[in-house]
Amino acid sequence: PGIAKGTVIEKQIASQQLGYEIAYSVYTAAGAPNASSLPVLYVTDGSEYGDPRLGNMRTILDNLIADGLIKPIRVVFIDARDPKNKATNRRMTELSLNEIYLKFISEELIPSVEGSQLIDRSDRGILGTSLGGLSAAYFAFKRPDLFGLAGIQSPAFWYKPEIFTLAEQTGSPTLRMFLSAGTLYDAATESKKMKAILEQRGHTCHYFEVPEGHSWGNWSNLLDDMLLNLYSKP
């Protein structure tokens with residue numbers, strides 16, 4: 001209670017790549033003198049990460065920033081649901097190694113959010129869980145020029161095992177990744193395999209394993225660890 005809270009602005013963008021509207025919200029850290037130059041984190045399944053009953057990520061951001069533990073940042077919560085019908089969720093298509101969705105993020109959403117600001121790849125991250133974790137890895141492997149950071153929670157690598165082949169082809173520029181998984185019917189086996197590949201390729205991979213399942217209790221409780229790992233103050 002009593003700490004400064006970041007601002008949140010709701011937006012929509014008409015994607016030419018996808019052919020439909022995407023809703024998203026932009027969180028900006030409180031008191032940032034030049035918000036447009038802040039590091040940026042793009043979050044898939046943003047409606048769930050931002051939900052106080054699930055990810056509760058805005059509260060976690062407010063507290064870490066108020067305590068001076070992470071840099072002030074902007075976070076873009078991307079909603080996978082149809083803005084005109086929230087019961088329609090497109091995540092199964094968008095987050096399955098979808099090259100068109102990657103083009104939407106890289107060629108439409110990033111320019112719309114960042115404008116003419118030159119955000120360094122070391123300050124731009126992508127975050128997701130389950131299929132979103134699979135997609136976050138895919139984004140980082142395919143566009144390391146854009147994303148130097150990736151938060152990957154309980155990734156569904158089993159769903160698209162070709163992600164391991166992509167990982168084996170990565171090299172320079174190197175990536176910094178936070179990879180987490182639960183041990184209770186979750187993604188620990190595949191995540192440890194990915195960690196070994198990433199380290200072999202020269203990337204930095206912080207692996208966090210917990211005795212949890214495939215749930216928001218797991219993911220929300222690790223968001224502070226992820227943010228501290230990727231966005232700690234120097």
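Coordinates for the structure precede this section.
Parameters and conventions
Residues numbered from 1 in each chain as written. Predicted model: local features only at pLDDT ≥ 70, side-chain atom pairs only at ≥ 80, totals over all residues. Heavy atoms only, no water. Helix = DSSP H or I, 4+ residues; strand = E, 2+ residues; numbered from the N terminus. Buried < 20%, exposed > 50% of the residue type's maximum accessible area, 1.4 Å probe, protein only. Contact = heavy atoms within 4.5 Å. Areas by Shrake-Rupley, 256 points an atom, 1.4 Å probe, with all protein chains shown as cover. Axes fitted to C-alpha atoms, helices over the stretch in contact; angles between N-to-C directions. Parallel < 35°, antiparallel > 145°, perpendicular 65-115°, else oblique. Left-handed = near helix turned anticlockwise from the far one by under 90°. 1 Å grid on protein atoms, 1.4 Å probe; cavity = no way out; pocket = protein on both sides within 12 Å on 5 of 7 lines; lining within 4 Å. Points joined across faces, edges and corners; volume = space filled by probe spheres on them. Nonpolar A, V, L, I, M, F, W, Y, C, P; charged D, E, K, R; others polar.

## Concerning the overall build of the protein
From N to C terminus, the protein includes 9 helices and 10 strands. Over its C-alpha atoms, taken along the principal directions, the protein stretches across nearly 40 × 40 × 35 Å. For the protein, the residues scored as buried account for 54% of the 234 residues in total. Within the protein, contacts between residues separated by at least 24 positions form 75% of all contacts whose residues are at least 6 apart in sequence. Roughly 10,300 Å² of accessible area belongs to the protein as shown, and the carbon and sulfur atoms make up 49% of that amount.

## Points about unusual backbone geometry
Residue Pro-173 follows Ser-172 across a cis peptide bond; omega there is 0°. By secondary structure assignment, the location of Pro-173 is in the loop between α6 (162–168) and β9 (176–182). Of note, the phi angle at Asp-45 is positive, near 50°, even though the residue is not glycine. Inspection of the secondary structure puts Asp-45 in the loop between β3 (40–43) and α1 (46–49). Overall, the relative accessible area of 5% leaves Asp-45 in the buried class. Positive phi values are uncommon outside glycine, yet Asn-56 reaches one of about 50°. Relative to the elements of secondary structure, Asn-56 occurs in the loop between α1 and α2 (57–66).

## Overview of the packing of α2 against helix α9 (residues 223–231)
Between α2 and α9, the shortest axis-to-axis distance is 10 Å and the interhelical angle comes to 50°. Accordingly, the angle class assigned to the pair α2 and α9 is oblique. In this structure, α2 meets α9 at a crossing whose hand is right-handed. Contact with α2, carried on its side by Met-57, Ile-60, Leu-61 and Leu-64, involves Leu-223, Asp-224, Met-226, Leu-227 and Leu-228 of α9 and no other residues of that element.

## Quick notes on α2
Buried residues of α2: Met-57, Ile-60, Leu-61, Asp-62, Leu-64 and Ile-65, and no others. One or two residues past the end of α2 sits Gly-68, with phi positive at roughly 70°.

## Re the layout of surface pockets
Taken as a whole, the largest pocket holds about 210 Å³ of empty space. Forming the boundary of the largest pocket are 16 residues, of which Glu-10, Ser-25, Ser-47, Asp-79 and Arg-81 lie nearest the centre. Contributions of two or more residues to the lining of the largest pocket are made by β1 (7–15), β2 (20–28), α1 and β4 (74–78). By residue class, the composition of the lining of the largest pocket is 4 nonpolar, 5 polar and 7 charged.

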